[in-house]
Amino acid sequence: MKKNLRWKALLILLLTSVALWQLHYTWRLHRLTPEDKRNMTEEELARLHDKAIHLGLDLQGGMHLVLQVDHSALSEEESKDATDRALEILRNRIDQFGVYEPSIEKQGGDRIIIQLPGVVDRERAKALIGKTALLEFKIVEEPERTNQIFQEIDEALHKIEVEASGEDTLNLAPNPFLSFLFNFGGDLVANNRDKSEVEKILSSEETKGIIPKDLEISWGNEVVVEGFRYRPLYLLKKKAELTGAAIQDARAGIGTNDNPNGVKVDLTMSREARSLWAAITGANVNRRLAIVLDNTVYSAPIIRERIRGGVSQIDMGNSSISDAQDLAIVLRAGALPAPVILIEERSVGPSLGKDSIEKGIRSVLWGGALVLLFMLIYYNLSGAVAIVALLLNLIFLFAILSAFRATLTLPGIAGIILTIGIAVDANVLIFERIREEIRSGKTLRTAIDTGYTLAFRTILDSNVTTLLTALILYWFGTGPIRGFAVTLSIGIICSFFTAIVFTRLVFDFATSRLNVKKLRI
Amino acid sequence: MLQIFKKVDIDFIGFQRKAFLLSGVVILVGVISLVLHGGPRYGIDFTGGSLIQVHFENPVTADEIRSSLYRTGLEGSMIQRFGTTSTVFLIRTQAVLEGSGSLGNSNPLEGVEDKGNLELQETSSIGEVIMEGFSKDFPNNSFRFDREEMVGPRVSKALLGRAVWIVLGGMGVILLYVWLRFTIRFGIAAVAALFHDVLITLGLFSILDKEITIPIIAAFLTIVGYSINDSIVVSDRIRENIRLMRKEPFSKIVNNSINQTLSRTVITGVTTFIVLIILFFFGGEVIHDFSIALLVGVVVGTYSSIFVVAPIVVEWEKFSPTRAKMLR
């Protein structure tokens, strides 16, 4: 018996020191001043971060995004690895955006979960991630032909309206379609307000047949003139002469051909695409070439001569330089194989995260302190033993959390608080049982023995059922809720050990070594 | 030795009728509230929509925010002051923008009326729409978004399904475990108590007009875990006493078991309650509702282990005695 006791004590001592060693990383990281961080190499800091307790996005701030890859426009063959390719490209973009420890994973067949800790400009990050970035170079149809086709659409619509209204044609506008459009600097433009109206006309059954199969209509980027917003309308060849796959490098800059302050992205083609580019531009001298990004025409310059160097430029107009930089990033990383749709977002700002963790820790401390006080008053010295058990429980819990790289979330802190309740319950069950046995006149040793034996079964049953519910929560839950399930499960297992094994050891030690005859319980 | 109960002998089983009546009334009130509200009030997790927590530098009123949102075409939004100062507000809207602005016109903004004031199609999220409106309407007040949540309709439907599975699955597993460790009737009595607890909490949330969100579902499952804890402690004692008190009537054994475990039940209930009260006051606004659910759950869970589980087992025993079987 005595030997046994020594081994148990040694085991607990060993486990406690391992746990404390594991926790010292978190302590060290917490104590680092910004200056210390500058003096450390990136590798050292990363290692420290890795070994310290990981905080969830709700505690350190950041973005949680769920994207769905839209397979609807893809063939079966393309659809097969579209999600994987999209994931790879998104990873490239995020790497260039510069986020510390991003997490990008696939969920199911067509979803991608992205977690970006500590991102402050969330709208910018979303725009960067969501851009399909399909870059195409398309020839603009000759103006005469364009005018002719638009005229035909106009006439067709007019005819339908006349037929519908019968005799009374006086009140009808003579140009139902062309009245939306007017000439501006060589482009046909429409007021932005009329955009949806124009789209309705162009997608109607009557006009569909008029536009030839090899042509398509695209909107250009918005232009602002004297406070009014306009959009040019282009008739383009459907077939792209070249796509973004030809782009080797993209850099943001300032100063375009017609505006020294204009924001631009300079494109450099890959070696293979250069000759193709020269051939295309050579064959279309004096025609206009549209630079189309995600179905919007950014610019449509006239080709003056054959371009040999494999360079081109996207005119960004009045956009900010950071927009141009982001576009350069997505063009370098490549286009997504299919559009992605943001279907879920959970983002927390850094100040709310900091606030949450402070309040969380404060409630753990206060709640813990009050419970400890109660135990001390109600159970006296035995209560003190339970307190030490509870502290051990928390040490083990945090050590396991950091050792398994589990993430601590706000619900996770709630799980810890619940763990305190469960751990205390185990000791209450035991102590009440021992009291009963003492009252029924048993000796201290037997009272402790029976107390533990009888309480053990109850604690086991109640802990197993709580553990089962926690496992179900983990199985079905997502994100922060999993954090709750994790801390609760680890907490229950730790409490089973500390509340039963550790306190028993202390009582056994007291009765057998110190010869205590009367227990203060 | 400090003791709450010196020597107790309360006739809990005698309270049975009154207890059933009390539970019935409380559940009924909750159910009526649920019916009047047309079901539980689900948060955006289960309905889809957007939630934004905005923090202003200087105080503003909910009406000012409402009129700004009206101008941006989000007039159906709910605005709620968050905490005690007039600088932090929660904005909830059913509107979602699935997708991203650069995807262009392929993603219309669902549920938002375009009043022509803002280029809705051009923006990448509800957050950005609101942000633009606020910068225009509160030019002398800086603000930041502390929280931005968006749940698309396909996600929210799946989440609701999952939530139901979580609660039912949790109860199912517990029924199975208690059946294996005790007998089927303890299992059924325990699960009846769980339904009782969850139903009362759900009803109270409806009365208080609080939202059911994913953290609240987690709270429900925690209530389930806590309540079953209490039920097991009592059941365990009953099983033990059946061996010790072979001559006593069954209802007396149950009553004695409740009395013997009473001090433990109360102490654990009180300590857990203390911890949760702290969480309620110091835990921050984000887990406020979560702690309310748990507070209710602890009280109801403690009550149900004494006044729901035990009477069911007693009544069932009267109906068909199986004492011998429980001794296995």
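Bear in mind that the values here come from a model prediction, so they are computed numbers and not experimental data.

**What to know about the domain arrangement of chain A**
Under the domain assignment used here, chain A contains domain 1 (2–23 + 349–512), domain 2 (62–131 + 343–348) and domain 3 (137–334). Each of domain 1 of chain A and domain 3 of chain A was reduced to a C-alpha centroid, and the two centroids are 68 Å apart.

**Structural notes on the interface of chain B and chain A**
Listed per partner, the contact involves 75 residues of chain B and 75 residues of chain A. Counting the surface lost from both chain B and chain A, the interface buries some 6800 Å², and carbon and sulfur atoms represent 61% of this. For R237 of chain B, the salt bridge identified is with E436 of chain A, shortest N-O distance 2.4 Å. The interface formed by chain B and chain A contains 20 residue pairs in polar contact (both at pLDDT 80 or more). Elements supplying a minimum of two residues to the side of chain B that touches chain A: α4 (126–137), β4 (143–151), α5 (153–181), α7 (214–244) and α8 (250–282) of chain B.

**Quick word on the pairing of strand β2 (residues 62–69) of chain A**
Residues and elements named next belong to chain A. Here β2 lies mainly inside the structure; eight of its eight residues are buried. The two faces of β2 match: G62, H64, V66 and Q68 on one face and M63, L65, L67 and V69 on the other face are all buried. Pairing analysis gives seven bridges linking β2 to strand β4 (residues 111–117), with the strands arranged antiparallel. Its bridge partner lying in β4, H64 is registered against Q115. Two elements, β2 and strand β17 (residues 340–348), share eight bridges in a ladder whose sense is antiparallel. For Q68, the partnering residue across the bridge sits in β17 and is I341.

**Notes on the side chain of E148 of chain B**
With respect to the helices and strands, the residue E148 of chain B is situated in strand β4. Here the side chain of E148 of chain B touches R122 of chain A through a polar contact of 3.2 Å, side chain to side chain.

**What about unusual backbone geometry?**
Its identity is not glycine, yet N295 of chain A carries a phi of approximately 70°, on the positive side. One can find N295 of chain A in the loop between β14 (289–293) and β15 (296–299). Phi is positive for D209 of chain B, which is not a glycine, with a value near 60°. Examined against the element boundaries, D209 of chain B turns out to sit in the loop between α6 (184–207) and α7.

**Focus on the pattern of salt bridges**
For side chains bearing opposite charge, pairing can occur when the charged atoms are close. In this structure the tally under the stated criterion is 47 salt bridges over all chains. In this structure, E148 of chain B and R122 of chain A form a salt bridge, with 3.2 Å as the shortest nitrogen-oxygen distance. One end of the pair, E148 of chain B, is in strand β4; the other, R122 of chain A, is in helix α7 (residues 122–130), on a second chain. By the burial criterion, E148 of chain B is buried, and R122 of chain A matches it. Residues R287 of chain A and E142 of chain A are paired through a salt bridge, measuring 3.3 Å at the closest nitrogen-oxygen approach. With a gap of 145 residues between them, R287 of chain A in the loop between α11 (271–283) and β14 and E142 of chain A in the loop between β5 (135–139) and α8 (143–165) connect regions that are remote in the sequence. We classify E142 of chain A as partly exposed; its relative accessible area is 33%.

**Quick look at the pairing of β15 of chain A**
Residues and elements named next belong to chain A. By the bridge criterion, two bridges tie strand β8 (residues 215–220) to β15 in an arrangement that is parallel. For W219, the partnering residue across the bridge sits in β15 and is T296. Note: β14 against β15, three bridges, orientation antiparallel. Considered in β15, the bridge of V292 is made with V297. Connecting β14 to the next strand, β15, in antiparallel fashion are two residues, including D294 with a positive phi near 45°.

**Remarks on empty space enclosed by the protein**
Empty space among the atoms can be located by rolling a probe the size of a water molecule over them. With the rule as written, the count across this model stands at 10 cavities of 30 Å³ or more. Space inside the largest cavity adds up to approximately 110 Å³. Lining the largest cavity, in full, are L429, E432, R433, E436, A455 and T458 of chain A together with V233, D236, R237, Q260, T261 and R264 of chain B. Within the residue set of the lining of the largest cavity, elements represented by two or more residues are α14 (410–439) and α15 (444–476) of chain A together with α7 and α8 of chain B. Sort the elements by how many residues they give to the lining of the largest cavity and α14 of chain A lands first, with four residues. The residue inventory of the lining of the largest cavity, partitioned by class, reads three nonpolar, three polar and six charged.

**Details of the environment of F280 of chain B**
Tracing the backbone through its elements, the reader meets F280 of chain B in helix α8. Placed 15 residues apart in sequence, F280 of chain B and L295 of chain B show a C-alpha to C-alpha distance of 8.6 Å.

**Here's the deal with helix α13 (residues 350–403) of chain A**
Residues and elements named next belong to chain A. The terminal C-alpha atoms of α13 lie 25 Å apart, and with 54 residues this falls more than 12% below the ideal 80 Å at 1.5 Å per residue. For α13, the principal kink sits at Y379 and spans about 140°. In the stretch just after α13, R405 is the one whose phi turns positive, near 55°.

**Overview of the sheet that holds strand β16 (residues 311–315) of chain A**
All names here are of chain A. Strand order in the open sheet formed by three strands is β12-β13-β16, and the pairing between neighbours is antiparallel. In this open sheet, the two strands that pair with only one neighbour each are β12 (247–254) and β16. Averaged over neighbouring strand pairs, the angle between their axes works out to 25° when direction is ignored. Bridge count between strand β13 (residues 263–269) and β16: five bridges; the pairing is antiparallel.

**A look at the sheet that holds β4 of chain A**
If you walk across this open sheet you meet the eight strands as β3(A)-β4(A)-β2(A)-β17(A)-β4(B)-β1(B)-β3(B)-β2(B), and the pairing is antiparallel. Whereas interior strands pair on both sides, the edge strands pair on one side only; in this sheet they are β3 (103–107) of chain A together with β2 (78–81) of chain B. Here the average twist between neighbouring strands, direction ignored, is 20°. With five bridges connecting them, β3 of chain A and β4 of chain A associate as antiparallel partners. In the strand pairing of β4 of chain A, Q107 of chain A is matched with R111 of chain A. Lying over the sheet, α13 of chain A contacts β17 of chain A together with β1 (49–56) and β4 of chain B, oriented at roughly 85° with respect to β4 of chain B.

**Some words on a nonpolar patch on the surface**
All names here are of chain B. Taken together, the side chains of L176, W179, L180, I184 and I188 present a nonpolar region at the surface, about 500 Å² in accessible area. For the nonpolar patch, the elements supplying multiple residues, two or more each, are α5 and α6. In terms of residue count, α5 provides more of the nonpolar patch than any other element does, three residues in total. With respect to the helices, strands and loops of the structure, L180 is situated in helix α5. Look at L180 and you get exposed, because its relative accessible area is 68%.

Here is what the cut-offs are and how they apply
- Residues numbered from 1 in each chain as written.
- Chains lettered and ligands numbered in written order.
- Predicted model: local features only at pLDDT ≥ 70, side-chain atom pairs only at ≥ 80, totals over all residues.
- Heavy atoms only, no water.
- Domains from an automatic or database assignment.
- Contact = heavy atoms within 4.5 Å.
- Buried area = accessible area lost by both parts, 1.4 Å probe.
- Salt bridge = Lys/Arg side-chain N within 4 Å of Asp/Glu carboxyl O.
- Polar contact = N/O pair within 3.5 Å; in protein donor to acceptor, adjacent residues only side chain to side chain.
- Helix = DSSP H or I, 4+ residues; strand = E, 2+ residues; numbered from the N terminus.
- Buried < 20%, exposed > 50% of the residue type's maximum accessible area, 1.4 Å probe, protein only.
- Pairing = 2+ DSSP bridges.
- 1 Å grid on protein atoms, 1.4 Å probe; cavity = no way out; pocket = protein on both sides within 12 Å on 5 of 7 lines; lining within 4 Å.
- Points joined across faces, edges and corners; volume = space filled by probe spheres on them.
- Nonpolar A, V, L, I, M, F, W, Y, C, P; charged D, E, K, R; others polar.
- Expected span 1.5 Å × (residues − 1).
- Bend = angle between axes of the 7 residues up to and from the residue.
- Axes fitted to C-alpha atoms, helices over the stretch in contact; angles between N-to-C directions.
- Patch = residues over 30% accessible without salt bridge, like charges linked within 9 Å, V, L, I, M, F, W, Y side chains within 5 Å.
- Areas by Shrake-Rupley, 256 points an atom, 1.4 Å probe, with all protein chains shown as cover.

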